[in-house]
Amino acid sequence: MKKYFLVWILSVMLGSPMIAQTGSAQNETKDIDPLALRVMKAATDPVKDAKAYSFRALVSRDLLGTNDQIITTFSTSEITVQRPNKLHIKFRGRGEPVEMFYDGSGKTVLYSPSSKFYTTVETPTTIDAALSDISKKGVNIAVRNFLESDPYQSLTEALTTAYAVGSVDLFDEKVYHLAFTEPGAEWQMWVVGGDTTRVKRLEVIDKSNPQHPRISVTFFDWDLNPSTSNDMFTFNKPADAKEIEMLKEVAEKSK
Amino acid sequence: MRNLLVCFLAVIIAIPPLFGRVERGGGGNRVAVQNHNNNANLNRNHNTNVNRNQNVNVNRDVNVNRNVNVNVNNNVNVHGGYYGGCCYHEDNDWGAFAVGAAVGVATTAAVAAATRPSTTTVVTNTVAVGSVVPTLPGGCTTIANGSAVVYQCSNVYYRPYYQGSTLVYQAVTYP
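Let me sum up the structure you'll find in this document.

Criteria and cut-off values
Residues numbered from 1 in each chain as written. Chains lettered and ligands numbered in written order. Predicted model: local features only at pLDDT ≥ 70, side-chain atom pairs only at ≥ 80, totals over all residues. Helix = DSSP H or I, 4+ residues; strand = E, 2+ residues; numbered from the N terminus. Buried ≥ 20, exposed ≤ 12 C-beta atoms within 10 Å, placed from the backbone. Contact = placed C-beta atoms within 7 Å. Pairing = 2+ DSSP bridges. Arc of directions from axis to C-beta.

This paragraph deals with the overall build of chain B. A tally of regular secondary structure across chain B gives 2 helices and 7 strands. Scanning chain B from its N terminus toward the C terminus, one meets helices and strands in the order α-β-β-α-β-β-β-β-β. Looking at the 175 residues of chain B, the share that counts as buried comes to 23%.

In structure tokens:
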């Protein structure tokens, strides 16, 4: 009996890709420069501590073509967060502008004002959990880490390495350049220093994919004291608005 | 035996995170990339209209007046799309390259092209069911299908969906 159990244990361990990947992850030596973390914390803690904040993000995202080629897409997002659990985003990319409403009441709504279509996704009552849930529906927000309750915690909890590259010019602006790795990804951050330390740019390379697609985000117009009202986070359905489905759900149903 | 089980569980628990926490996107669906020359949905019309007036007036001083007017229309209509893909092959947002838009002016090359025999190909628009586009083509009408919204655009039917945070229209079979 013991013999069979031992064989089973070994077969599970040897046959598990999880273990195999873990082995390679363990080979990466942790090397964390505290300076890099201090700079990141200085840039992200004000966001965590703000009762409300807003910013704009210009996002370029690599997708993979059916021939494995990188296809780059572009979009902008206008984001307003009210702690602890309210979020509003205006997406502008391909097609019509789309607004996302999340008021902590247990649902997230996507709405297209031009065509008056909307869809509702049942989500938990915290922003962190809601963002996790909607990402499973295909709504991937490039600045997600900056919307969670503790951006610093979110960005650092899986780090393998962290380095402070140096002070550099980012399009004529002095910034601090930081570089990080974590399992499956490497990323860089550029932070504007001074009295209002803010994240200016983020680049993430997905190393878990052989094509190494990249997400680049440029941050604009950080406002840690914007005027907000509860109305802007709640979807007030126009009488003639029509509910539609998520394509991903339809595709999964048809499988 | 119990020690072995405890040891095994300890190994599992000690496993570091397999994936990081920085947002990397879903990476699920792929964008359709294909050579549209080999695509059954490729519709291409080349209409070449050449108006040429050549008036030659000859007098004693030998004056030559020559007017060459060339109108060249190259109409390219490319349909694409990808079921579950990321909708980068819409056929209605190609600006100057779209159907009916004039491309080119009376350059030397255009003149040379205009002198070649013209060909006209008449094809039928087809859109693969399942194709996803971010905007509807023009001239669509809404048809009732219970509570669902369906658009009829020529002979193609579309239903609106959200693909991530993007509103898209998927070509569907007749409802």
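Don't stop here, the text continues.
On to the overall build of chain A, then. Looking only at helices and strands, chain A has 6 helices and 13 strands in total. Here chain A, with 255 residues, has 36% of them falling under the buried criterion. Residue pairs in contact within chain A that sit at least 24 positions apart in sequence constitute 45% of those at least 6 positions apart.

Residues and elements named next belong to chain A. Of the pairings in the sheet, the one linking strand β2 (residues 52-64) to strand β12 (residues 214-223) comprises 7 bridges and is antiparallel in character. When the sheet's bridge partners are listed, A57 is paired in β12 with F219. Two elements, strand β11 (residues 198-206) and β12, share 5 bridges in a ladder whose sense is antiparallel. Bridging from a neighbouring strand, V204 pairs with I215 of β12.

What follows is about the environment of L167 of chain B. Inspection of the secondary structure puts L167 of chain B in strand β7 (residues 166-172). Residue class for L167 of chain B comes out buried when judged on the 26 C-beta atoms lying within 10 Å of it. Taking the C-alpha atoms as reference points, L167 of chain B and V133 of chain B, separated by 34 residues in sequence, lie 9.0 Å from one another. Ignoring any residue separated from it by four or fewer positions in sequence, one finds L167 of chain B in contact with G95, E96, V98, S112, S115 and F117 of chain A together with P160 and Y162 of chain B.

Residue and element names in this part refer to chain B. With antiparallel pairing, the 5 strands of this open sheet are ordered in space as β3-β7-β6-β5-β4. If you trace the sheet from one side to the other, it starts and ends with β3 (132-133) and β4 (140-145), each paired once. When β3 meets β7, the two strands line up antiparallel, connected through 2 bridges. The residue of β7 that forms the bridge with V133 is Y169.

Below, the discussion takes up helix α4 (residues 127-136) of chain A. Residue and element names in this part refer to chain A. All of the buried residues in α4 are I127, A130, L131 and I134. Angular distribution of buried residues about the axis of α4 spans 100 degrees; they occupy a single face of the element. As for α4, its buried residues are in contact with β4 (86-92), β5 (98-102), β6 (107-112) and β7 (117-122). Looking one or two residues beyond α4, the residue adopting positive phi is G138, at roughly 95 degrees.

So, about the pairing of β5 of chain A. The side chains of a regular strand alternate, first on one face of the sheet and then on the other. Residue and element names in this part refer to chain A. Most of β5 sits inside the fold, with 4 of its 5 residues counted as buried. As judged from the 5 bridges shared by β4 and β5, these two strands associate in the antiparallel manner. Across the sheet, K90 pairs through a bridge with E99, a residue of β5. Hairpin remark: β4 followed by β5, antiparallel, with 5 residues in the connecting loop; positive phi at G95, about 75 degrees. Pairing between β5 and β6: 4 bridges, direction antiparallel. Looking across to β6, one finds that F101 is bridged to V109.

On to unusual backbone geometry. Residues and elements named next belong to chain A. A cis amide bond, omega 5 degrees, links R83 with the succeeding residue P84. Mapped onto the elements, P84 comes out in the loop between β3 (70-82) and β4. Residue K116 is not a glycine yet carries a positive backbone phi of 60 degrees. Inspection of the secondary structure puts K116 in the loop between β6 and β7.

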